[in-house]
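Read off the chains here:
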Amino acid sequence: MLDHLLGRPSPGWKRSQVLVVILASIYFLRHSDRRPKWRFLRYINSLLGRLPPWKIAALSLLGAYVFENGMHLLFLNAPEPFAKMYTRNFFRATWIMSALDAGFLTCMGIRPKWLRDLVSPIMSVVYLFFPEAADATVRKFRTNATVEIMRCSWEKSTSPILYALTFADRGFLPIRKDVLIPLSANQLPSAFPNMPKPHVKARLFFNGSKAQLAKASQLIFQVPGGGFVTMSPKNHDDYVSSWARQVNVPIISINYGKAPEFPYPWALEECFEAYRSIVESNGEVIGLDGWHEKDAAGRNIRPKKKIKIVMVGDSAGGNLAIGVVMKCIESVEERVKPPASLVAIYPCLSFDLACWMPSSQLQMIRADSSSSLTTLIDKKLHMHKLAPLRTSEAPRSINVINDSVDRSVSWYHRLRPKMFQPKPPGPYIPSTLSITSRMSYFNDRIISPELLRGMALLYLSASPVVPDITHDYYLSPVLAPDEVLSRFPKTYCLVGEKDPFVDDTVVFAARLREAKAKAHREWDRVRERRQRSGSFSSGHAPAFNGMRARTRSFGEHGNGSDLAPLSKTHSNAKSSSSGNNDANPLDDDFEHHVFSQDPDQMVKVKILEGISHAFFQMVTFLPEAQQAVRLTSGWFQELFRDEKTEQLVGVAPDDAPELTEMMVHEMENMEYQGTDSSHDVTNSMAYYPLKGVAPGAVAYQRMSTHWDTAVSTDSNESGGAPLQAGQAGNRSKSHEQSDTAGRAAKPLPCSGSGSGSGSGSGSGPTASSLRASGPSPGVAGSLGNLSRGPGSIPGRTSTGIAMQLQPAAAKPSPAPPVVMQEVSLTSVVAKRRSDMADVLRHAASS
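Residues numbered from 1 in each chain as written. Predicted model: local features only at pLDDT ≥ 70, side-chain atom pairs only at ≥ 80, totals over all residues. Heavy atoms only, no water.

## Observations concerning the overall build of the chain
Here comes step 1: Scanning the chain from terminus to terminus reveals 33 helices and 18 strands.
Here comes step 2: Here the chain, with 846 residues, has 52% of them falling under the buried criterion.
Here comes step 3: Partitioning the contacts of the chain with sequence separation of at least 6, the portion at a separation of at least 24 is 82%.
Here comes step 4: Just so you have it, the chain exposes about 38,600 Å², and 59% of that area is on carbon and sulfur atoms. (Helix = DSSP H or I, 4+ residues; strand = E, 2+ residues; numbered from the N terminus. Buried < 20%, exposed > 50% of the residue type's maximum accessible area, 1.4 Å probe, protein only. Contact = heavy atoms within 4.5 Å. Areas by Shrake-Rupley, 256 points an atom, 1.4 Å probe, with all protein chains shown as cover.)

Given below as C-alpha cells:
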C-alpha cells in the first residue's frame, strides 16, 4: 500500500512495507501487557486460552484465508476471464505451466546454477497451491520481458530435474544425438557478409541402427519453434521422439541461430543452407548413403533414388519452414528441389499486429468449406450484442483423433441458484466487423501481447536489412503472392482455436487453396485447348510462342548462361516432337504438373477447439497433445505413402519452367483483365502491391525489364529461337548492386494472345509479336519473383536504377530507357490500363 500512496509502485517500496509491518508487529507484541486492555480482546484471549497452540495457528491461517476469499461465498466476486475459454484439460495444463514458469522466473537470479536448478522445481510446486499468485508473478515478468526471461521460461524443460522426470515421454531411441551439417562450398549471397557461416547444428532422431539409417529413403526435416529467440531441438525431444518411434523415419531437427545474437534473416538462411546441403548430398551429410547404395566395405553398389523429404515446423519454426519452401520455389542461383510436403503446426505467419481483419480475409474465411473451420467461422462472424469482447465458450473436452466434442453442462451450472446467475449477454447476432485473433485472445495464458512485442523487437531490431512487414513475405508468409503459393507442395496445418495465430493460419491456408484453385482452373483451360488442337507434340511451338526464360540473376550470370537450363524443356520438346510425336516430355509434364492437383486435396487445416498455442510442449500432462502427436504421425505416414508428390513437376524452378510460366502468365492475365468468372473470393492482398507497387499515397513503380530482349520476327514465327548470350547481359551496374535480388518481368498480359493455346491463331497478337513491335515506354509487366539473396527483402525497391532497352531486330530505333518513377497509386492503375489499351490497339492495327 505504501508504494500506491507514494504513486511509485516498485519492489523496493513493497520490501519496505513488509519490513515496517514485521517490525511494528514485533514491537507491539514485546511491549504490550500480558492482559489485554480492551474487553473484547480479553474475551478472545479467554477463548483461545482453552485451545492448544497448533489450533490457534490453524485458526489464524483460516481466518486470513476467509478474509481474503470471503467475497466468493457471497457471490460478489469479479467475473473469471478464463471461464470456459479453454477445455478443461488445456486449462489444467496452463495451470501447471504457469506454476513452472513462476517458479523458474522467481529463482532466475539465484547463483550458482546448481542451486537454481534445485530450488526452481521446489518453488514451482509451491506455486501449484497458489495459482493466482503464480499468474500474477508470470504476468509481471512478461510485462518487462527480456531475452533472459524468455529463455528462462521456455527452456525449463532442459532443467536437470524436469528433464529426468519427463524421461517416460521421450523413451529410448537408438539414435538421438547432436550432429553438425556441413554446408555446401558454394554458399549463396548472405545478408551477413562479415559473419562466416559455420556448420549448422542439428539433432538427429531415429528408431533404428546406424546401418538402417544409411539405407533410409525418407526424411523428416524439422524446424523447431521458440519465438525466434530461444529453445533448441532438445526442448522438443518428447514429441519428436514419439514421431521417430511411430513413423520410423529419420528426423533431423535444426538448431538455428537465435535472436538477438542472430537476427533476421540469419535463421532463414541457415535453415535453407542446411536443407540445401541435405538435398544436394541426398542425405549423406547426416549419415545416409547419399546418391549410391554402399556395401559393408563402404563401396558404391548401385545408384540410389532421391530421398523423399517432409518438412515440419511449429510456431516460429513454421514461419521458417514456409520460408525455406518459398526460397526453394524461387531459387535460381542454386536449384533446390522443395520438400514433397509441408506440415505447419500453429505457425507464426505475420508480424503485422493489426486489430481489425480486412473484409477480404473475412470473405476468405466465410468461403472456406473445410469442416474443421465451421465452429471458428461461426464464432468469428457473430458476437454477443451486449458483450462484444466476450470469448466464445470452449467445450468440456475434445478428441483430436475422432473430432468428437463434449459440450455437456456441468452439475454446478444446473443447480446454481437463479438469483446469482448473471444477466444473459444478449442475442447472438451476425457481425460485419471482426477483431483479429491476436486482439481477441490478448489475455491468452501462453502467448501474451508483451511476448509478441518482445519477440518481434528482438528478432528484427538488429537486422542488417530494413524489415518490411507489409511486403516481405519471407518475414510474413501470409503475404506471399499467388504465383508462389500456387506452386507449394501439399500442405497440412494444425492450430488451436484460441491461438492468437489462428487467423493467420486460416487466411494463409485459404490463400494457398485459392491460389491453387486459380492455377487448377487455368490448367483445365489449357487442357481443353490442348484437346481441341491436339497434344503439345503437334503444336507446341505456337503454344509457347514468345515464352522466353526470364533473366534470373545479374553480375556473373548476366551473360545469359543461366538461361540454358530454363530453355532445356523447350528444346528437348522440339527435338522429341521432330523424331516421335507420341513421346513428348511436355505431355507428361502437363499431366503431372502441380497445377493439375485438386486444391482441396493439396491443403488441409485442422483446428483444435478450446486449445491455444504451444500444446506440443505439454505432452506430459495434456491428453489432447498426445493425440495431436499421433495425428501428425499419421499425417507423415500418409504423405510418405502419397506417390503423386514424387511425380509432380512445376514446384521447383527447373521443373517444366516454360510450361509453368505459360500457365502463370495466363492465370495472371485473367486476373488482370477480371475475366475469371469463377474467382469468387477477393485476394487478401491488392493486385498492384504484389506486382511491385507499394500501397499508400506515394509508391515506387518498378518498370518492366522484359523488353531488353532482341527478338526478330522471323525467329518468333519459327517457334522462338533461344536468346543470345550478349542480349541478356546488357544491364546497368546500379541494378547489379541493388538491395533486392534481380527481378524480371513476365510477358505482357494481353487478351487473346493465344500464348497458352495449342495453335497460334487468334484475334489478338502473340506475345512475340508484341515484343517485336515494342511496347509503350510506360507499360509495366507483371513482376516475376526470382531467387532472393538471403539478405533481400521482397517488396523493397531500389532508387537510381536505369536500364537501356535492347532494340528489337524489326525496330532499329532505340527504345527509351526504363527508370524508376515515383507516382501515386491511382495514377499507376490508370496509366497501366491506358498503356495496355494503346498496346493492343497498336498491335491490332499493325
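From this point on, the discussion continues.
## Brief notes about unusual backbone geometry
Excluding glycine, most residues fall at negative phi; most peptide bonds, likewise, are trans.
Here comes step 1: Between R111 and P112 the backbone carries a cis peptide bond, its omega angle lying at 5°.
Here comes step 2: Along the polypeptide, P112 turns up in the loop between helix 5 (88–106) and helix 6 (113–128).
Here comes step 3: With an omega of 5°, the peptide bond running from Y264 to P265 counts as cis.
Here comes step 4: Topologically, P265 is positioned in the loop between strand 4 (251–255) and helix 13 (266–281).
Here comes step 5: We note that N248 has phi near 60°; this positive angle belongs to a residue other than glycine.
Here comes step 6: Here N248 is to be found in the loop between helix 12 (237–247) and strand 4.

## What to know about the sheet that holds strand 4
Here comes step 1: With mixed pairing, eight strands are arranged side by side in an open sheet as 1-2-4-3-7-8-13-14. Of all the strands in the sheet, the pair left with one neighbour each is strand 1 (175–181) and strand 14 (603–608). In this sheet, neighbouring strand axes are inclined to one another by 20° on average, regardless of whether the strands run parallel or antiparallel.
Here comes step 2: Where strand 2 (residues 200–206) meets strand 4, five bridges bridge the pair, whose relative direction is antiparallel. Bridged to A202 within strand 4 is I254.
Here comes step 3: Against the sheet, helix 13 engages strand 1, strand 2, strand 3 (218–223), strand 4 and strand 7 (308–314), with an angle of about 170° to strand 3. (Pairing = 2+ DSSP bridges. Axes fitted to C-alpha atoms, helices over the stretch in contact; angles between N-to-C directions.)

## Quick notes on helix 21 (residues 502–533)
Here comes step 1: The end-to-end C-alpha separation of helix 21 is 46 Å, in line with the 46 Å expected for 32 residues at 1.5 Å each.
Here comes step 2: Of all 32 residues in helix 21, 25 are buried, a share of seventy percent or more. (Expected span 1.5 Å × (residues − 1).)

## Overview of the pattern of salt bridges
A side chain with one charge may pair with a side chain of the opposite charge, provided their charged atoms come close.
Here comes step 1: Summed over all chains, the structure comprises 23 salt bridges.
Here comes step 2: Close ionic contact of R151 with E261 constitutes a salt bridge, the shortest N to O distance being 2.9 Å. Here E261 lies in the loop between strand 4 and helix 13 and R151 lies in helix 8 (residues 147–154), a separation of 110 residues in the sequence.
Here comes step 3: Its relative accessible area of 45% is what places E261 among the partly exposed residues.
Here comes step 4: One continuous salt-bridge network, built from bridges that share partners, spans D101, R142 and K156. (Salt bridge = Lys/Arg side-chain N within 4 Å of Asp/Glu carboxyl O.)

## Overview of helix 4 (residues 53–73)
Here comes step 1: End to end, helix 4 covers 28 Å across 21 residues, agreeing with the expected 30 Å (1.5 Å per residue, within 8%).
Here comes step 2: Of all the bends in helix 4, the greatest, near 45°, is centred on F67.
Here comes step 3: Just past helix 4, the residue F75 takes up positive phi, approximately 60°. (Bend = angle between axes of the 7 residues up to and from the residue.)

## Let's talk about the side chain of R203
Here comes step 1: Note that R203 resides in strand 2.
Here comes step 2: Here D178 takes part through its side chain, which lies 2.8 Å from a polar atom of the side chain of R203.
Here comes step 3: Polar contacts involving the side chain of R203 include one to the side chain of D237, which spans 3.0 Å. (Polar contact = N/O pair within 3.5 Å; in protein donor to acceptor, adjacent residues only side chain to side chain.)

## What to know about the pairing of strand 7
Here comes step 1: Along strand 7, seven of the seven residues are buried, which leaves the element largely enclosed by surrounding structure.
Here comes step 2: The two faces of strand 7 match: K308, V310, V312 and D314 on one face and I309, M311 and G313 on the other face are all buried.
Here comes step 3: In the sheet, strand 7 pairs with strand 8 (residues 341–345) via five bridges, with the strands oriented parallel. Residue pairing for strand 8: M311 is matched across the bridge by L342.

## Structural notes on the packing of helix 8 against helix 19 (residues 449–460)
Here comes step 1: As a packed pair, helix 8 and helix 19 sit with axes 11 Å apart at the nearest point and diverge in direction by 115°. In this structure, the crossing between helix 8 and helix 19 has a hand that is left-handed. Contact with helix 8, carried on its side by V147, M150 and W154, involves L451, G454, M455 and L458 of helix 19 and no other residues of that element.
Here comes step 2: Among the residues making up the contact of helix 8 with helix 19, the classes are represented as six nonpolar, one polar and no charged. (Left-handed = near helix turned anticlockwise from the far one by under 90°. Nonpolar A, V, L, I, M, F, W, Y, C, P; charged D, E, K, R; others polar.)

## A closer look at the nonpolar core
Here comes step 1: Formed by 144 residues in total, the largest nonpolar core has its most connected members in F221, W243, I252, I254, F488, F615 and F616.
Here comes step 2: Per element, the largest residue contribution to this core is 10 residues, and it comes from helix 21.
Here comes step 3: Here I254 is in contact with I181, V200, K201, A202, F221, Q222, P224, P233, C271 and A274, once residues within four sequence places are set aside.
Here comes step 4: By size, the runner-up hydrophobic cluster in this structure holds six residues, among which are F104, L105, I149 and L162. (Core = buried A, V, L, I, M, F, W, Y, C linked by side-chain atoms within 4.5 Å.)

## With respect to the packing of aromatic side chains
Here comes step 1: Enumeration over the complete set of coordinates arrives at 19 aromatic pairs.
Here comes step 2: Summarising the aromatic geometry, the rings of F262 and W266 are spaced 5.0 Å apart at their centres and angled 35° between planes, so their arrangement reads as tilted.
Here comes step 3: Note on Y264 and Y459: the rings are 5.6 Å apart at their centroids and 70° apart in plane angle, and the pair reads as edge-to-face. Of the two residues, Y264 is situated in the loop between strand 4 and helix 13 and Y459 in helix 19; the sequence distance between them amounts to 195 residues. Both residues of the pair, Y264 and Y459, count as buried.
Here comes step 4: A connected cluster of aromatic rings, assembled from ring pairs, spans Y239, W243, Y346, F615, F616 and F636.
Here comes step 5: The ring of W266 carries K197 above its face, with NZ or CZ at 4.8 Å from the centroid. (Phe/Tyr/Trp six-rings, centres within 6.5 Å; stacked < 30°, edge-to-face > 60°. Lys NZ or Arg CZ within 6 Å of the ring centre and 35° of its normal.)

## So, the packing of helix 5 against helix 7 (residues 131–143)
Here comes step 1: Between helix 5 and helix 7, the shortest axis-to-axis distance is 8 Å and the interhelical angle comes to 60°. Classified by the interaxial angle, the pair formed by helix 5 and helix 7 is oblique. For the pair helix 5 and helix 7, the sense of crossing is left-handed. Residues W95, S98, A99, D101, A102, L105 and T106 of helix 5 form the contact with helix 7, whose participating residues are P131, A134, D135, T137, V138, F141 and R142.
Here comes step 2: Residue classes in the contact of helix 5 with helix 7 are distributed as eight nonpolar, three polar and three charged. (Parallel < 35°, antiparallel > 145°, perpendicular 65-115°, else oblique.)

## Focus on the environment of G208
Here comes step 1: Along the chain, the position of G208 falls in the loop between strand 2 and helix 11 (210–214).
Here comes step 2: Every residue in contact with G208, bar those within four places of it in the chain, is listed here: P174 and I175.

## Quick notes on the side chain of D642
Here comes step 1: Of note, D642 is situated in the loop between helix 26 (623–641) and helix 27 (644–647).
Here comes step 2: At a separation of 2.6 Å, a polar atom in the side chain of D642 contacts the side chain of K490.
Here comes step 3: With residues near it in sequence (within four places) discarded, D642 still touches K308 and K490.

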